[in-house]
Amino acid sequence: MRSKGAGASALALSILLSACVGGVAPPRSGPVPVDDNRGSYREPAREPVRVHPSRDTGASPNIRGIQMPERIVGAVPVLPIPVIAPVTPTNAATAGVVAGPAVASLPIDDAQAQSALAAFVTSCPSLVRRNDTSGLTRGADWQPACAAAVSVPRGGARNFFAQWFEAAQVGDGKAFATGYYEPEIAGSLERRDGYAPIYGRPNDLIDVDLGVFSTSLKGKKVRGRVDRSNLVPYYDRTAIEQGALSGRAPILAWARDPVELFFLQIQGSGRLRLPDGEILRVGYATQNGRDYTGIGALMKSRGLLQPGQTSMQGIVAWLHAHPAEGQAIMRENKSFVFFRELEGAPLGALGLPVTGQVSAAADVKFVPLGAPVFLSLDRQDASGLWIAQDTGGAIKGSNRFDTFWGAGPAAESTAGGMAGRGTAFLLLPIGTVQRLNGQRFNGQIDGAQDGGPTPQP
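The structure contained in this document is the topic of the report that follows. (Residues numbered from 1 in each chain as written. Predicted model: local features only at pLDDT ≥ 70, side-chain atom pairs only at ≥ 80, totals over all residues. Heavy atoms only, no water.)

1. A word on the sheet that holds strand 9 (residues 251-255)
Inference 1: Here we have six strands laid out as an open sheet, ordered 5-9-4-10-11-12, and mixed in their pairing. Edge positions in the open sheet fall to strand 5 (196-199) and strand 12 (337-341), since each of these has one partner strand only. For this sheet, the mean inter-axis angle between neighbouring strands, taken without regard to orientation, is 45°.
Inference 2: Note: strand 10 (residues 269-273) against strand 11 (residues 279-287), five bridges, orientation antiparallel. When the sheet's bridge partners are listed, Leu272 is paired in strand 11 with Leu280. (Pairing = 2+ DSSP bridges. Helix = DSSP H or I, 4+ residues; strand = E, 2+ residues; numbered from the N terminus. Axes fitted to C-alpha atoms, helices over the stretch in contact; angles between N-to-C directions.)

Take a look at the structure:
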């Protein structure tokens, strides 16, 4: 998640802050939404996914030079453009946007550009129809670039981004990037002693869009359950682990290790290796509506973690060594994630597959979901071009990103220690920055003009 140079405290924050669990609802058209409002679940019509282990290692193409064992390569990030940003911006438009360097001047290599182009094409249907809460763009702005993207010849990806996009810095541009990955844990389809249930969406969990009741609450959402005639908060982690979901939620499978299941919930998706060696993939369906609390910060503040223990691996080792105390600490995180079975790759907040070393999570109030992002960080492996295709409960604010590294030991090692700091530039349709600054001058900062950009020569 972050550079070793950031120190042990930064490593502890990787667990505190990395929680990519698809925090926004997928689009209403296109892929089937994961997190719906029906308040009931349907048993899947298909059998659980079976992937032969020899055919699916879970590894992602190594386009960023990650190594196992991990060897951190430092880098000098590009300095952000000095600006005075608002103290409490509500979205990217109110934070202020300034032009960054020419896209052609950014150090984007061909492999990164080609992989990012494929992910961008996948995101385009959502980009052109999704409501951009960042205040930066409208669907029409993306249409020309999306139309051009489908016919880019092999080897032309870097030139494509240089032709159709301009770099834009949001606010002060000071980026912080953590990492997440697709974990693999041992599991079973049958209940076994000591195993913990992996739940699907409960049938009494209700989503409430507060914006339908008041325009001042637009974009706000709560989850809960009905108790007599009242809507009350949904059961927290302690109540769920003590049996509150009996008869209320399907059990998809059973996890051998409750600690590993806890971190599977933090990551938002993962792979269960069954006793016969086959794989069952599960992904985020929804969450109980309770606030997320990072246990790494709690453990550090209480002096429970010694030097060298502040990585994800160190925290897991402590929890295993102190099962009773560990259970109590995990229960201080009242947030609880419910899963669904997945076919193929894990899905992000758009309801689309996320790609290791390509996809990243961001706050939709500051980054249009589906947009390219260039990160210039103090570690080389996380620097470069990413596509914002996911969200996370702890990924909040401008220039805050969570990079996805795929599955496997190298991905786990890299994500578990990622703490990159530097500068972020969004890649937006050409003309966006000029339009936004014109609107700011006229006191209208959240609109967007019709039509699309003209490519650079």
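After that view of the structure, there is still more to cover.
2. Side note on helix 7 (residues 258-267)
Inference 1: Within helix 7, eight of the 10 residues are buried, which leaves it mostly tucked inside the rest of the structure.
Inference 2: Taken as a whole, helix 7 has its buried residues at Val259, Leu261, Phe262, Phe263, Leu264, Gln265, Ile266 and Gln267.
Inference 3: Measuring from the side-chain oxygen of the N-cap residue of helix 7 to the backbone nitrogen of Val259 gives 2.9 Å; that N-cap residue is Asp257.
Inference 4: Just beyond helix 7, the residue with positive phi is Gly268, at close to 95°. (Buried < 20%, exposed > 50% of the residue type's maximum accessible area, 1.4 Å probe, protein only. Polar contact = N/O pair within 3.5 Å; in protein donor to acceptor, adjacent residues only side chain to side chain.)

3. What about the nonpolar core?
Inference 1: Ranked by size, the top nonpolar core spans 75 residues in total, and within it Phe120, Phe160, Phe161, Phe165 and Phe263 carry the most contacts.
Inference 2: Of all the elements, helix 3 (residues 110-129) adds the most residues to this core, at seven residues.
Inference 3: If near-sequence neighbours (up to four positions away) are discounted, Phe161 is found in contact with Val103, Ala113, Ala116, Leu117, Pro372, Leu385 and Leu427.
Inference 4: Membership of the second largest hydrophobic core comes to 15 residues, among which are Ala196, Leu252, Tyr284 and Phe339. (Core = buried A, V, L, I, M, F, W, Y, C linked by side-chain atoms within 4.5 Å. Contact = heavy atoms within 4.5 Å.)

4. Let's talk about unusual backbone geometry
Inference 1: Even without being glycine, Gln357 reaches a positive phi, approximately 70°.
Inference 2: Relative to the elements of secondary structure, Gln357 occurs in the loop between strand 12 and strand 13 (359-361).
Inference 3: Given the relative accessible area of 2%, Gln357 is considered buried.
Inference 4: The phi dihedral of Asn399 is positive, around 60°, even though this residue is not glycine.
Inference 5: Secondary-structure assignment places Asn399 in the loop between strand 15 (384-390) and strand 16 (400-407).

Keep in mind that these numbers describe shape and distance, not what the molecule does.
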